[in-house]
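Next come the chains, spelled out residue by residue.
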Amino acid sequence: FVMAAGIVKLCKTLNSNAGQLRMCSCTKLRPSSSFIQTQPEILTRRLQKDGIRNIILNNPKKRNALSLPMLQSLRDDILHEVESEDLRVIIISAEGPVFSSGHDLKELTSAQGEQYHKMVFDTCNEVALEMLFTGEPISAQDALLHGLLTKVVPEDKLEEETMKIAFKICQTSRSVVALGKSTFYRQMAQGRNAAYHIATQVMVDNLALKDGQEGINAFIQKRKPQWIHTTESAQE
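Residues numbered from 1 in each chain as written. Predicted model: local features only at pLDDT ≥ 70, side-chain atom pairs only at ≥ 80, totals over all residues. Heavy atoms only, no water.

Broken down by element type, the chain carries seven helices and five strands. For the chain, the sequential pattern of α-helices and β-strands runs β-β-β-β-α-β-α-α-α-α-α-α. Expressed as a percentage of the 236 residues in the chain, the buried residues total 36%. Nonlocal contacts in the chain, meaning residues at least 24 apart in sequence, comprise 65% of its contacts between residues at least 6 apart. Accessible surface, the chain as shown: approximately 15400 Å² in total, 55% of it carbon and sulfur. (Helix = DSSP H or I, 4+ residues; strand = E, 2+ residues; numbered from the N terminus. Buried < 20%, exposed > 50% of the residue type's maximum accessible area, 1.4 Å probe, protein only. Contact = heavy atoms within 4.5 Å. Areas by Shrake-Rupley, 256 points an atom, 1.4 Å probe, with all protein chains shown as cover.)

Taking 1.5 Å per residue as the helical rise, helix 2 (residues 114-126) with its 13 residues ought to reach 18 Å, and the 18 Å between its terminal C-alpha atoms agrees with that figure. His117, Val120, Thr123 and Cys124 are the residues of helix 2 that are buried. Projected onto a plane normal to the axis of helix 2, the buried residues spread over an arc of 130 degrees and lie on a single side. Projecting away from the buried face of helix 2 at angles above 90 degrees are the exposed residues Glu114 and Gln115. (Expected span 1.5 Å × (residues − 1). Arc of directions from axis to C-beta.)

So, on to the pairing of strand 5 (residues 89-94). Summarising burial for strand 5: six of the six residues are buried, a large majority. Inspection of the sheet shows strand 4 (residues 52-57) paired to strand 5 by six bridges, in the parallel sense. Bridge pairing in strand 5 links Ile52 to Val89. Handedness of the strand 4-helix 1 (residues 68-79)-strand 5 crossover: right-handed. (Pairing = 2+ DSSP bridges. Right-handed = clockwise from strand over helix to strand, strands pointing away.)

Further remarks concern the nonpolar core. Soluble globular proteins tend to pack their nonpolar side chains together in the buried interior. Counting 17 residues, the largest nonpolar core has Leu57, Leu74, Ile78, Ile90 and Ile92 as the members making the most contacts within it. Listed by contribution, the elements that provide at least two residues to this core are strand 4, helix 1, strand 5 and helix 2. With five residues, the top contributor of residues to this core is helix 1. Apart from the residues lying within four places of it in its own chain, the contact partners of Leu57 are Leu43, Thr44, Asn64, Met70, Leu74, Ile92, Ser93, Ala94, Glu95, Phe99 and Ser100. In this structure, Ile52, Val89, Ala166 and Ile169 belong to the second largest nonpolar core, which totals seven residues. (Core = buried A, V, L, I, M, F, W, Y, C linked by side-chain atoms within 4.5 Å.)

Per-residue pLDDT for the chain has a mean of 75; in total, 75% of the residues score no lower than 70. The lowest-confidence element of the chain is strand 2 (residues 22-28), averaging 43 in pLDDT; the highest-confidence one is strand 4, averaging 91. Segment residues 129-135: pLDDT under 50, and nine contacts once partners within four positions in sequence are set aside and those in other chains are kept. (pLDDT = per-residue confidence, 0-100.)

As a packed pair, helix 5 (residues 174-188) and helix 6 (residues 192-208) sit with axes 10 Å apart at the nearest point and diverge in direction by 170 degrees. It follows that helix 5 is roughly antiparallel to helix 6 by the angle criterion. Counting all contacts with helix 5, which are made through Val176, Leu179, Thr183, Arg186 and Gln187, the residues of helix 6 involved are Ala195, Ile198, Ala199, Val202, Asp205 and Asn206. (Axes fitted to C-alpha atoms, helices over the stretch in contact; angles between N-to-C directions. Parallel < 35°, antiparallel > 145°, perpendicular 65-115°, else oblique.)

Structure below.
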């Protein structure tokens, strides 16, 4: 699937105002007993305001390990009303000192079986978290050097810089961003010449969109664009 919303990953939980943000959560029920009643375990929390959705990994005691229930909860939070025009940006952050320690290795033992392992990795792919965990931590600067990050900022500036990026994405055309993201992933599997060919056609397609023409007209007229976030052709 292709989401028009941008996804930004953080390693620090954003502060929320309970009076302004809508809070939701996906839960995993612990094993029940006829003698003991247990409370649902909240693995992720979902907050949304002004087109920006914050998804918070909420299992710091296990270093937010990507267990199958955690991945399923994360997937549900990402896909919740994902086609809504009110959703523009998704930010993933985490409680505790560690964003995520990677896969829960207890789930990857032979005792769990091959089918269970397949479920873990299939779910991981569904939420677009295809990351290579070597077991060795790397610094933010190393991650930036290898293209795993696009920007590194001091911890005390993390929330401020993240929200700047999020609000900037919210000011763009949803349909144009979706077209660009779709093209990027299509190009990754192509050779250079084929990728250039795809990009050429997409630029033509972009100009045919109402929002594509609105962007050009707004630039020429030196005004702020008025996006309608639609895939309708400018000729319609």
